[in-house]
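Each chain, written out:
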Amino acid sequence: MLKNSKYEIDMCNGSIMDKLISFSLPLMLSSILQLMFNAVDIIVVGRFSGSSALAAVGSTTALINIFTNLFIGISLGANVLAARYFATNRKEEMSGAVHTAITFALISGIVMAFVGLGMSRTALELMDTPADVIDQSVTYMRIYFAGMPFFMLYNYGAAILRAVGDTKRPLLFLAAAGMANVALDLLLVIVIPLDVAGVAIGTVASQMVSCILVLRCLYKSEGSYQLRFHRLGIRWDYLKRIFQVGIPAGIQSTVINFSNALLQSSVNSFGSIAMAGYTAANNIMSFLYVSVNAVTQACMSFTSQNYSVGKYKRMDRVLLDCMALSAGVSLVLGVGAYVFGSQLLGIYSPEAEVISCGLEILSITTVPYFLCGIMDLIPGALRGMGHSAVPMVLSVIGTVGVRILWIYVFFPTHRSLYFLFVSYPASWIATIVMQAICFFLVRKRCVKSMGKEAAV
């Protein structure tokens, strides 16, 4: 029995729902904890540096996601590949995938640091960031991107741990990193008034902590996913397999965030008060997203392992159970965010106008958020089966296409924050329809290619 076995989950045998919860809950708590610490950034800067600083930090979110999500998407490829090797006990291949993934994470983090440092001002200007906040936004982005190597290494390391069912230790790592973030925020914004630079430095320092902890965990493990620094290097055969799943996922995420950047530009046209309201509302919606995304990550890992051993009926049950779990979680949180919207927004900013703008956005995006969860689950299952390109195309058409159409055709004649964000549920519904058709076609082809269903 390996020392690490208590952290691993047998995804291919036994009951499903309890294991999905056991996998999803720590991941959900990790993501919520991370967002809570990020929310501290926004709350501290909003309350102690004013709405202008709050708008400056918020205006960078969509851009940061555009720059980073391609590489974060590729980490999903590492997760799928590692899950397959782990399920079939291919230890040498598992080790090769781990060392290739960690090496690529380091290289991509360094590349992103230089891109962010050089492109921050230009990108913010292209988004029509107002003159009264752009200097602070540039400062925040440049410091944030200096920590990209830590950010990438943590995410790829955590993806490997998720592949074997370990979502508990990343929760502990983020708790430690988050406490460091909060302490530095309080020091560097309130005690030493560095404003947005202070919260950026705190974020980078916390990413360094989580990075060190996850690498230490992989180094000390005795399983097939043990990390040895002298074995780091790119194995092109493994990288190609990681890219097959990861690049379409990364492109999908990047393009969707490009549409969100266009949405941010539309919000910017209402001025810094609306930008501050959107920043607060968007942070609240982020709690909904990471909750349903935890279930999507579970769906992908469970599907990948069961697909690799030919358990297709179990794979179907995984998707159905994930849909029930995702819908339940998002409805509870979404209704809660809708009912207590004013109180939640008031945490971020005491200004009535900021709260009013945030409420306009939350009133149309929170209750139907279960649609977003279902929309993401189907591509997650398809990626677990090794099919990532077509779901990417459909997500881009359904999500980005609808939002761009909304921004440039309908929004100009109905200028309000509420109407602008109707594009969210509209795009979720359109994407679900296309992804569901794609899943049934791929599932049918998988069964046909095997000739028969494998035993459950």
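**Structural notes on the overall build of the protein chain**
Within the protein chain, the secondary structure is distributed over 17 helices and zero strands. For the protein chain, whose C-alpha radius of gyration is 21 Å, the value lies close to the compact-globule estimate of 23 Å for 456 residues. For the C-alpha atoms alone, the extent of the protein chain along its principal axes is close to 60 × 45 × 35 Å. Burial analysis of the protein chain (456 residues in total) assigns 58% to the buried set. Long-range contacts, defined as pairs at least 24 residues apart, comprise 85% of the intrachain contacts of the protein chain with a sequence gap of at least 6. Put simply, the protein chain shows about 17,500 Å² of open surface, and 68% of that area lies on carbon and sulfur atoms. Across the protein chain, the 31 positively charged side chains and the 22 negatively charged ones have centroids separated by 14 Å.

**Observations concerning unusual backbone geometry**
A positive phi angle is found at Asn 89, which is not glycine, with a value near 60°. One can find Asn 89 in the loop between helix H3 (61-87) and helix H4 (91-126). A residue is classified by how much of its surface remains accessible, and Asn 89, at 54% relative accessible area, is exposed.

**Observations concerning the nonpolar core**
One finds Ile 102, Met 152, Tyr 156 and Phe 421 to be the most contacted residues of the largest nonpolar core, which totals 108 residues. Excluding residues that lie within four positions of it along the chain, Ile 102 makes contacts with Leu 153, Tyr 156, Gly 157, Ile 160, Leu 215, Leu 218, Leu 227 and Leu 232. One finds Leu 27, Ala 294, Cys 299 and Cys 322 within the second-largest nonpolar core, a separate group that totals 28 residues.

**A short note on a nonpolar patch on the surface**
Side chains of Leu 186, Leu 187, Ile 190, Val 191, Ile 192, Leu 194 and Ile 201 sit close together on the surface and give an oily, nonpolar patch of about 550 Å² of accessible area. In terms of residue count, the dominant contributor to the nonpolar patch is helix H7 (residues 168-191) (four residues). Looking at where Val 191 falls in the secondary structure, it is placed in helix H7. For Val 191, a relative accessible area of 59% gives the class exposed.

**Structural notes on the packing of aromatic side chains**
Given two aromatic rings, one states the distance between the centres and the angle between the planes to describe the pair. Evaluated as defined, the whole model comprises 17 aromatic pairs. A centroid spacing of 6.2 Å and a plane angle of 70° characterise the contact between Tyr 144 and Phe 145, whose relative ring orientation is edge-to-face. When sorted by exposure, Tyr 144 lands in the same class as Phe 145, which is buried. Among the aromatic residues, those joined into a ring-pair cluster are Tyr 278, Tyr 369, Phe 421, Tyr 424 and Trp 428.

**Focus: the confidence of the model for the protein chain**
Mean pLDDT over the protein chain stands at 85; residues scoring 70 or higher make up 94%. When the elements of the protein chain are averaged for pLDDT, helix H2 (residues 51-58) gives the smallest value, 71, and helix H11 (residues 312-339) the largest, 92. Confidence drops under pLDDT 50 across residues 452-456; counting only partners more than four residues distant or on other chains, this segment forms twelve contacts.

**So, the pattern of salt bridges**
Taken as a whole, this structure holds five salt bridges when the rule is applied. One salt bridge in this structure joins Arg 90 and Glu 93, with 3.7 Å as the shortest N-O distance. For Arg 90, a relative accessible area of 37% puts it in the partly exposed group. Taking the relative accessible area as the measure of exposure, Glu 93 reaches 24% and is therefore partly exposed. Between Glu 92 and Arg 231 there is a salt bridge whose closest N-O contact spans 3.4 Å. Taken together, the residues span a long stretch of sequence, with Glu 92 in helix H4 and Arg 231 in the loop between helix H8 (196-220) and helix H9 (236-268) at a distance of 139 residues.

**Brief notes about the environment of Asn 181**
Tracing the backbone shows Asn 181 in helix H7. Of note is the side chain of Asn 181, whose polar atom sits 3.4 Å from the backbone nitrogen of Thr 203.

**A closer look at the environment of Phe 270**
Mapped onto the fold, Phe 270 is located in the loop between H9 and helix H10 (272-308). The partly exposed category is assigned to Phe 270, whose relative accessible area is 31%. Taking the C-alpha atoms as reference points, Phe 270 and Cys 357, separated by 87 residues in sequence, lie 9.9 Å from one another. Apart from residues lying up to four places away in sequence, Phe 270 is in contact with Phe 411, Arg 415, Ser 416 and Leu 417.

Rules behind the numbers
- Residues numbered from 1 in each chain as written.
- Predicted model: local features only at pLDDT ≥ 70, side-chain atom pairs only at ≥ 80, totals over all residues.
- Heavy atoms only, no water.
- Helix = DSSP H or I, 4+ residues; strand = E, 2+ residues; numbered from the N terminus.
- Rg over C-alpha atoms; globule rule 2.2 N^0.38 Å.
- Buried < 20%, exposed > 50% of the residue type's maximum accessible area, 1.4 Å probe, protein only.
- Contact = heavy atoms within 4.5 Å.
- Areas by Shrake-Rupley, 256 points an atom, 1.4 Å probe, with all protein chains shown as cover.
- Lys, Arg positive; Asp, Glu negative; His and termini not counted.
- Charge placed at Lys NZ, Arg CZ, Asp CG, Glu CD.
- Core = buried A, V, L, I, M, F, W, Y, C linked by side-chain atoms within 4.5 Å.
- Patch = residues over 30% accessible without salt bridge, like charges linked within 9 Å, V, L, I, M, F, W, Y side chains within 5 Å.
- Salt bridge = Lys/Arg side-chain N within 4 Å of Asp/Glu carboxyl O.
- Phe/Tyr/Trp six-rings, centres within 6.5 Å; stacked < 30°, edge-to-face > 60°.
- pLDDT = per-residue confidence, 0-100.
- Polar contact = N/O pair within 3.5 Å; in protein donor to acceptor, adjacent residues only side chain to side chain.

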